[in-house]
Amino acid sequence: MGWTSKILRVNLTEGTAKSEPLNMDWAAKYLGQRGLASRYLVEEIDPRCDPLGPGNKLIFATGPLTGTAASTGGRYSVITKGALTNAIACSNSGGYWGAELKFAGWDMIILEGRSPKPVYLAVIDDKAELHDASGIWGTSVWQTDEWIKKRHQDPMMHVSAIGVAGENQVLYSCIVNDLHRAAGRSGVGAVMGSKNLKAIAVRGTGGVRVRDFKAFMAAANAGKKVLRDNAVTGQGLPTHGTQVLMNVINEVGALPTRNSRDVQFEGAHDISAEAMATPRKTDGRKNLLTNQACFGCTIACGRISKIDESHYTVRNKPEYWHASGGLEYEAAWALGAATGVNDLEALTYTNFICNEQGLDPISFGATVGAAMELYELGLLSKETTGGLEMKFGSAEALTRAAELVGKAEGFGKELGLGSARLTAKHGKPELAMTVKGQEFPAYDPRGIQGMGLTYATSNRGACHLRSYTVSSEILGIPHKTDPLVTDGKAGLVKAFQDATAAVDSTGLCVFTTFAWTLNDIAPQVDAAVEGGWTPEKMLEAGERIWNLERQFNMRAGFTAADDRLPDRLVKEAARTGPAKGLVNGLDKMLPEYYELRGWTKDGVPTNETVARLAL
Amino acid sequence: MHVTLKLYASLGQYLPPRAERNEAQVEVDDGTTIGALLAQHLVPPEACHLVLLNGIFQPPAGRTAVRLADGDAVAVWPPVAGG
């Protein structure tokens, strides 16, 4: 079956690593990965604990299809209490690390306590040991990856690590595996840093068994055919990547620009997929070299880029002349439109720094955008920024800020707080484009109304991946809805949230859902593991997971008052584009959403809902 | 009259030679529809997945009915997605 049925429990305080059986009763209700690990977290930590204290736990979890032959079946998630948000965090990553953990014979790793000194965990098949990390503490993700492989004399190891940002507990630091795939959001890297854990290196030589091999291969191959034949997953994403959205979202007037003062960016084309694929005037070469796939993926949307060697950012830094992870849409938006910077090479360099030092580019870019607005209002000066002229549109300010935050130096320490804490410190909390402390991503809710409800109700703080209604409101997948109206969006958001929670619990990539429905996914899950998984049962599990996360947050102190948007989005109308004159209508959507969820008007799951979902 | 034609992703190949940044100003006759504009530039109808007129989505059925006005902007993409 798709499970190894083993959990690795590591007590960092004691320095022990032990095997224990996977709770199969919970797996039958919460599926895996996001759902199952959230169930463990709810059981094992006090929701009011300090996320950076030893009472928090950090869980690396795979799904039932991780490591199998299912397309995109290489995903894992990191579940913990988020350092940035104080809410439940679940950050999902691709690459090869998740599948390798399964091959080593483990479904999940639970890390608890805090090591008295820097360590890294090496998992080689059934052997798990903590090792001294003093030799790599203070180094980057990239240096750590190379050092560990040399130390173990094994280039086939896969390493998931924090950079200097995580060590210094930058609140939006992330965990990076395979050099440029990341569990990016909510500050999971800071939690890892607080535990003095530098990296988890994995090598597995086993395989993954499935419950019914013939049925599984039939379902997996049928799914791959659907992905291949679909124009989006078969051609659009591999050719253009997610970055193709830059001009789309700008054209519909929903591209948050200069800390959301505007909804359209005049420099959007300069930082788009089309620009990445156009030869540069400086050296005649394209920024984009090729696409790349994660483990088992037949879509291959990843971008591999190379910076112009004559660009000011790398002119005397040959260590950045190699090909590496290029700009995805969210990163290009945050580093570009949110800051008003249209220098594609500067954005690519900043993206490299984010990967190298382990920073979430969404929160970093949005925080720089907020700092730029503070600077233009005179609330930050060159004295407080250490000489940086934090003006909108300044590529120099952006790239220097990335270097400072990555190393937690000077003004970088302040930027490392994130935009909510930074703007509050300078007396302008309303300038933070955040929900539950987390910066929202690349869709302005004035131009895409459903995304306002998505951000406001997201359990991990503002996030597009919890219910990507852009798919329906802009792209027409699975059916087109009007982005400028609020009618029907409560039901749309709930449907996306529940289905996505299920997909995030399987080990698959959510991008498959541009072509797949749960009708394509459930047969693959059902053939891999016990449980009688149908589309209906998966959707019910998704709703259960959503409510479980909600309950955790309520016990952590969140209330309906936290289901809100920044004032700018509900009081300041869009100035240009199709949404000109509109604000987000969250107040119209939220009561209906609570009702559809089976929650009270205060956003609390009713007793009937709790009983129906067997929480 | 003049309208702005914007063709993105793989449709960029159908832009007139003078186009920059994936867009070009083109002259059209009064009464020209979106569909006619795209046909004039040999853009395959089956490749036109997302069609925006001044940023507003145009469903397939309306593309041959909606007549352009001077200064309009038509932007078109093949099937694409992101996140």
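Residues numbered from 1 in each chain as written. Chains lettered and ligands numbered in written order. Predicted model: local features only at pLDDT ≥ 70, side-chain atom pairs only at ≥ 80, totals over all residues. Heavy atoms only, no water.

**As for the overall build of chain A**
A count of helical and extended segments in chain A gives 24 helices and 17 strands. Expressed along its principal axes, the backbone C-alpha trace of chain A runs to roughly 60 × 55 × 45 Å. The buried share among the 615 residues of chain A stands at 66%. Long-range contacts, defined here as pairs at least 24 residues apart, represent 68% of the contacts in chain A between residues at least 6 apart. A total of about 19700 Å² of accessible surface is found on chain A, and carbon and sulfur atoms cover 51% of it. The centroid of the 66 positive side-chain charges in chain A is displaced by 1 Å from the centroid of its 68 negative side-chain charges. (Helix = DSSP H or I, 4+ residues; strand = E, 2+ residues; numbered from the N terminus. Buried < 20%, exposed > 50% of the residue type's maximum accessible area, 1.4 Å probe, protein only. Contact = heavy atoms within 4.5 Å. Areas by Shrake-Rupley, 256 points an atom, 1.4 Å probe, with all protein chains shown as cover. Lys, Arg positive; Asp, Glu negative; His and termini not counted. Charge placed at Lys NZ, Arg CZ, Asp CG, Glu CD.)

**So, the pairing of strand 5 (residues 88-93) of chain A**
Burial runs high along strand 5 of chain A: 6 of the 6 residues are buried. The alternating pattern of strand 5 of chain A places Ile88, Cys90 and Asn92 of chain A on one face and Ala89, Ser91 and Ser93 of chain A on the opposite face, and all of these are buried.

**A word on the packing of aromatic side chains**
All names here are of chain A. Per the stated rule, a full pass over the model turns up 19 aromatic pairs over all chains. With a centroid separation of 6.3 Å and an interplanar angle of 70°, the aromatic rings of tryptophan 142 and phenylalanine 352 are classed as edge-to-face. A residue pair is termed long-range when its members are at least 10 positions apart, and tryptophan 142 in helix 4 (residues 141-151) and phenylalanine 352 in helix 12 (residues 344-357) qualify at 210 residues. Aromatic side chains tyrosine 329 and tyrosine 443 sit 5.7 Å apart centroid to centroid with 55° between the ring planes, which places their arrangement in the tilted category. Here tyrosine 329, found in helix 11 (residues 329-337), pairs with tyrosine 443, found in the loop between strand 17 (438-439) and helix 17 (449-457); they are 114 residues apart in sequence, far enough to count as distant. You'll find tyrosine 329 and tyrosine 443 in the same group, each marked buried. Taken together, the ring pairs in this structure connect Tyr329, Tyr443, Tyr468, Phe511 and Phe514 into an aromatic cluster. One Lys or Arg, lysine 537, reaches over the ring of tryptophan 533 and ends 4.4 Å from the middle of that ring. (Phe/Tyr/Trp six-rings, centres within 6.5 Å; stacked < 30°, edge-to-face > 60°. Lys NZ or Arg CZ within 6 Å of the ring centre and 35° of its normal.)

**Focus: the sheet that holds strand 4 (residues 56-57) of chain B**
The strand order across the open sheet built from 5 strands is 2-1-5-3-4 (chain B), with neighbouring strands paired in mixed fashion. Each edge of the open sheet is held by one strand with a lone partner, namely strand 2 (23-27) and strand 4 of chain B. (Pairing = 2+ DSSP bridges.)

**Comments concerning the environment of threonine 33 of chain B**
Residue and element names in this part refer to chain B. Note on placement: threonine 33 falls in the loop between strand 2 and helix 1 (34-40). Taking the C-alpha atoms as reference points, threonine 33 and alanine 65, 32 residues apart in sequence, are found 6.2 Å from one another. Setting aside chain neighbours within four positions, we find threonine 33 in contact with Arg63, Thr64, Ala65, Val66, Arg67 and Leu68.

**A word on the packing of helix 19 (residues 489-503) of chain A against helix 21 (residues 535-555) of chain A**
Residues and elements named next belong to chain A. Where helix 19 meets helix 21, the closest approach of the two axes is 7 Å, and the angle between their N-to-C directions is 100°. It follows from the interaxial angle that helix 19 and helix 21 lie roughly perpendicular. Contacts between helix 19 and helix 21 involve Lys494, Gln497, Asp498, Ala499, Ala501 and Ala502 from the former and Met538, Leu539, Gly542, Glu543, Ile545 and Trp546 from the latter. (Axes fitted to C-alpha atoms, helices over the stretch in contact; angles between N-to-C directions. Parallel < 35°, antiparallel > 145°, perpendicular 65-115°, else oblique.)

**A word on the side chain of arginine 460 of chain A**
All names here are of chain A. Residue position: arginine 460 is located in the loop between helix 17 and helix 18 (470-473). No salt bridge forms around the buried arginine 460; measuring N to O, its nearest opposite-charge neighbour aspartate 504 is 7.2 Å away. Of note is the side chain of arginine 460, whose polar atom sits 2.8 Å from the backbone oxygen of cysteine 90. Residue contacts for arginine 460: discarding those within four places in its chain leaves Thr85, Ile88, Cys90, Ser91, Arg185, Ser186, Gln438, Leu465 and Arg466. (Salt bridge = Lys/Arg side-chain N within 4 Å of Asp/Glu carboxyl O. Polar contact = N/O pair within 3.5 Å; in protein donor to acceptor, adjacent residues only side chain to side chain.)

**A word on the sheet that holds strand 11 (residues 181-183) of chain A**
Residue and element names in this part refer to chain A. Read across the sheet, 6 strands follow the order 8-7-12-9-10-11 without closing on themselves; strand pairing throughout is mixed. If you trace the sheet from one side to the other, it starts and ends with strand 8 (127-132) and strand 11, each paired once. Direction aside, the axes of adjacent strands within the sheet are offset by 20° on average. In this sheet, strand 11 lies alongside strand 10 (residues 175-177) in antiparallel orientation, the contact comprising 3 bridges.

**Comments concerning unusual backbone geometry**
Residue and element names in this part refer to chain A. Along the chain, isoleucine 477 connects to proline 478 via a cis peptide bond; the corresponding omega equals 0°. Structurally, the position occupied by proline 478 is in the loop between helix 18 and helix 19. Even without being glycine, arginine 258 reaches a positive phi, approximately 50°. In this structure, arginine 258 sits in the loop between helix 9 (245-251) and helix 10 (273-276). Accessibility expressed as a relative area gives 15% for arginine 258, which makes it buried. Even without being glycine, alanine 300 reaches a positive phi, approximately 65°. Here alanine 300 shows up in the loop between strand 13 (288-292) and strand 14 (302-305).

**So, the interface of chain B and chain A**
Taken residue by residue, the interface counts 21 residues in chain B and 29 residues in chain A. Broken down residue by residue, the surface that chain B buries against chain A is led by Arg21, Ala81 and Gly83 of chain B, which jointly contribute 30%. Remark: the boundary between chain B and chain A carries 2 salt bridges. Ionic pairing is found between lysine 6 of chain B and glutamate 251 of chain A, a salt bridge with its closest N-O pair at 3.0 Å. One can count 8 residue pairs in polar contact (both at pLDDT 80 or more) joining chain B with chain A. At the level of elements, strand 3 (50-53), strand 4 and strand 5 (73-77) of chain B are the ones that each hand at least two residues to the side of chain B that touches chain A. The element contributing the most residues to the side of chain B that touches chain A is strand 5 of chain B, with 3 residues. Along the lines of polarity and charge, the residues of the side of chain B that touches chain A split into 12 nonpolar, 7 polar and 2 charged. (Buried area = accessible area lost by both parts, 1.4 Å probe. Nonpolar A, V, L, I, M, F, W, Y, C, P; charged D, E, K, R; others polar.)

**As for the pattern of salt bridges**
All names here are of chain A. Per the stated rule, a full pass over the model turns up 46 salt bridges over all chains. Note that glutamate 112 is salt-bridged to lysine 57, the shortest N-O span being 2.8 Å. With glutamate 112 in strand 6 (residues 108-112) and lysine 57 in the loop between helix 2 (33-44) and strand 3 (58-62), this pair connects stretches of sequence that are 55 residues apart. One salt bridge in this structure joins arginine 568 and glutamate 572, with 3.3 Å as the shortest N-O distance. On the basis of relative accessible area, glutamate 572 is assigned to the partly exposed category, the value being 40%. Here the salt bridges do not stand alone but share partners, grouping Arg9, Glu20, Glu44, Lys57 and Glu112 into one network.

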